Each structure stands twice: as C-alpha cells, then as structure tokens.
Amino acid sequence: MFRSLVVKPFSRSAATVSATLGVKSAAARHQLNSIRFVSTEAPAYGMIKTETQGRVAIITLNRPKALNALCSELFHEINDALARFDNDANIGAVVLTGSERAFAAGADIKEMKDAEFINNYKSNFLGHWAEQISKMRKPIVAAVNGFALGGGCELAMMCDIIYAGEKAVFGQPEINLGTIPGAGGTQRLTHAVGKSKAMEMILTGSVNLNAEEAKAYGLVSAVFPPEKLLEETIKTATRIASKGAVSVQMAKEAVNQAYELSLSSGLHFERRLFQATFATKDQKEGMSAFAEKRKPAFVHE
Ligand code: CO8
C-alpha cells in the first residue's frame, strides 16, 4: 500500500502521511508512526554532499584526491542535485562550494585526454552539463576556497554571486593543455574582468587572480577568511531565500537579460516583470508590511 509513497526525509510527520493516505484505523496509524520515512527523492551521491539549512540547499563538491576535478560522474551529480533543489518549493537558494584546498581544479584532464572530436561533437561533450546549471531559476551562490581553475573557474562564473576565501585562485590554464576554455570562460570572464585581463589570463594560462584581485575586478563580490567563507555565504543565501521566491526568480531573470539584450529591450523586459509582481501575494504583503511598519511574511506566491 505504501510502496509508491515519496516522502522527503523528516519533512512530513506520520500524522500528515496518515491524513494524506486517508488512514482511518488507529492500528494502521500506529503502524505508520513506527515507520521511519526514508526519502526516495534524495539519492546517495558519491562525489558531492548535499544538505539543507532552512530554505538554503548546500552542495559540496567532494572529490578531494583529485582537487574536485570535474569528471562526468561529478557533473551528473551536480546537475541532479541542482535540478532537485530547483524543483523543491522548500528551497529558496543554493550554495555551491568545494574544499578549503580546491573549489574545482578544472575538468578532469585524465578522463578527457583521449577523447576525439567526433565523439565530443556527437555527444555535445560538456554542453548539456553547462546548459543545465545556466537554466537554474533559483539563485546559486558560490563559496570558492582554493583553486578555481579552468572548468572550476567557469563553474563558479555560472553561479549568480561568487564569494571567495582569502586563498582562492581563479584562472583559465587550458591553453597549457593545448585547448581553450569550453564552458563559458572566454565569455563570462571577459564580461567580468574586461577584455585585456581576460585575454592575458586565457592566452598565457598562467596569469591567475587571487581573491583580492578577483574582487577588485568585480569577479567576486566579497572575500572572507577561509574558515568564515561558507558561514558568510550561507548567511547571504538565507537572506535571499527569505524574500518572496517569485520576485527573487524574476529579479535573477531580469539581471541575466542584461547579458543578452539591448538596453531598451532589457528595460522593457524588466518593466513587464516589475508589473507582473503586482499579481503576487508577496508584493501585497511586502508593501502592506512596509506601510504597517512590520516585517513581511512572504508566502512565495
Ligand atoms: N584533472 C584531473 N586530475 C587533476 C586535475 C584535473 N583538472 N587537477 C588536479 N588533479 C589531480 C592531480 O593529477 C593529482 O592526482 P594524483 O595525486 O593522482 O597525482 C591530484 O589532483 C593533486 O594535484 P597535484 O598533485 O597536481 O596538486 P598541486 O597542489 O601540486 O597542484 C594544481 C595543484 C596547480 C591545481 C594542479 O593540480 C593543476 O595544475 N591542475 C590542473 C589545472 C588545470 O589545468 N585545469 C584546467 C583543466 S581543463 C578544463 O578545465 C577545460 C574546461 C572545459 C570545460 C569544463 C566544464 C566544467
């Protein structure tokens, strides 16, 4: 009878489940109370760790021996977790982080060294993965300690906000391997730091940015001591997740259009979304709360 039941870990009480299933007899309810509901939604990952703190989901890359080099299995797990959190109404923002030594040292060189063009082209190598994270509707805040090189730097730049630990290193060393950045480095880095610096980094493969330089160029928005980085990142993600989820997602969409549209089209897009927020409960609540001098209680609708 309960085989097809999907329950998030500890997110629903047995009483809620009983009610949902319409369980009436006291004996059956007692039996349900003794069941520990194990999620079929949260898969066991081997290369990442996931956890939630309130409305914030935290994804930690966990392949320490290879400095979080991004192999296919790791891509797959990141994508899977991101898609799951994007579809979870209880999550309002995601934090993506690595270890103190490395956020990620790039795509896995050993895995891809023998790859051939024809297979890369046919399978759209890396394309699906990079598209998935860009499709995320909820904000992602990257907490970057240590190396963010090649695909690791690109992964951080796919996030919406980057915070860095004092020892973070950002670079695009692909040229040293006889290749070039393949997941947005030539585009996003250029937008972030300007043409001359991006060219210098990408063409030499050895000019990296430390955390303070990355901040000065606008690639990251804040720098913290390594041991404080995750805590501070979660604080910001929590603040974001406490706002109305619809307006947060609309704001993210509108900012991202600044990279795609002309100014007049971008302004038009922004105005339409602004007008649309007046169809949400959270706009009514937010503005009423201001007028009534109280804190808003957003319902994310
Ligand atoms: N791929 C595979 N293994 C790696 C990688 C990597 N990118 N980086 C580090 N490792 C492994 C090392 O081989 C080593 O393994 P082992 O212990 O088995 O020998 C282990 O991690 C520890 O590394 P090191 O011993 O080299 O540690 P060091 O502290 O001496 O050096 C560095 C750290 C400087 C980070 C060094 O490891 C390094 O230069 N790594 C390669 C950096 C690089 O070139 N990155 C770019 C890769 S290409 C790329 O990212 C293309 C992007 C395309 C799109 C990607 C989409 C995500």
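A brief structural summary. Quick caveat: nothing in here was measured; it's all calculated off a predicted structure.

Definitions and cut-offs
- Residues numbered from 1 in each chain as written.
- Predicted model: local features only at pLDDT ≥ 70, side-chain atom pairs only at ≥ 80, totals over all residues.
- Heavy atoms only, no water.
- Near = heavy atom within 4 Å.
- Polar contact = N/O pair within 3.5 Å; in protein donor to acceptor, adjacent residues only side chain to side chain.
- Areas by Shrake-Rupley, 256 points an atom, 1.4 Å probe, with all protein chains shown as cover.
- Helix = DSSP H or I, 4+ residues; strand = E, 2+ residues; numbered from the N terminus.
- Nonpolar A, V, L, I, M, F, W, Y, C, P; charged D, E, K, R; others polar.
- Pairing = 2+ DSSP bridges.
- Salt bridge = Lys/Arg side-chain N within 4 Å of Asp/Glu carboxyl O.
- Buried < 20%, exposed > 50% of the residue type's maximum accessible area, 1.4 Å probe, protein only.
- Phe/Tyr/Trp six-rings, centres within 6.5 Å; stacked < 30°, edge-to-face > 60°.
- Lys NZ or Arg CZ within 6 Å of the ring centre and 35° of its normal.

## Observations concerning the site of the ligand
So, point 1. Neighbouring the ligand are 26 residues; Arg 101, Ala 105, Ala 107, Lys 110 and Gly 151 lie closest to it.
So, point 2. Contact distances for the ligand include 2.8 Å between an oxygen atom and a backbone N or O atom of Ala 107.
So, point 3. Backbone polar atom of Gly 151 to an oxygen atom of the ligand: 2.8 Å apart, as the coordinates give it.
So, point 4. Isolated, the ligand exposes 1,100 Å² of accessible area, and the fraction of that covered by the protein chains is 67%.
So, point 5. Within the residue set of the shell around the ligand, elements represented by two or more residues are helix H4 (109-112), strand S6 (147-149) and helix H7 (151-158).
So, point 6. Broken down by element, the residue count for the shell around the ligand peaks at three residues, all from H4.
So, point 7. Of the residues contributing to the shell around the ligand, the split by class is 16 nonpolar, four polar and six charged.

## With respect to the sheet that holds strand S8 (residues 169-171)
So, point 1. An order of S4-S6-S8-S9 is seen for the four strands of this open sheet, with the pairing classed as mixed. For this open sheet the edge positions go to strand S4 (102-104) and strand S9 (209-210), each flanked by a neighbour on one side alone.
So, point 2. In this structure, S6 lies alongside S8, joined through three bridges in parallel fashion. Across the sheet, the residue bridging to Leu 149 is Gly 171, located in S8.

## Let's talk about the pattern of salt bridges
So, point 1. The final tally for this structure, using the stated rule, is nine salt bridges.
So, point 2. Residue Glu 301 is joined to Lys 281 by a salt bridge in which the shortest nitrogen-to-oxygen separation is 2.8 Å. Remark: Lys 281 occurs in helix H14 (residues 281-291) and Glu 301 occurs in the segment after H14; sequence separation between them is 20 residues.
So, point 3. A relative accessible area of 52% means that Lys 281 is categorised as exposed.
So, point 4. We note a salt bridge from Glu 285 to Arg 294, for which the minimum N-O separation is 2.7 Å.
So, point 5. Residue classification places Arg 294 among the partly exposed residues on the basis of a relative accessible area of 36%.
So, point 6. When salt bridges that share partners are traced, they join Glu 285, Glu 292 and Arg 294 into one network.

## Some points on the packing of aromatic side chains
So, point 1. In this structure the tally under the stated criterion is four aromatic pairs.
So, point 2. Look at Tyr 163 and Phe 224: their rings are 5.4 Å apart centre to centre, the planes differ by 65°, and that puts the pair in the edge-to-face class. With Tyr 163 in strand S7 (residues 161-165) and Phe 224 in strand S10 (residues 222-224), this pair connects stretches of sequence that are 61 residues apart.
So, point 3. Given a relative accessible area of 12%, Tyr 163 falls into the buried group.
So, point 4. We note Arg 84 situated over the ring of Phe 85; from NZ or CZ to the ring centre the distance is 4.9 Å.

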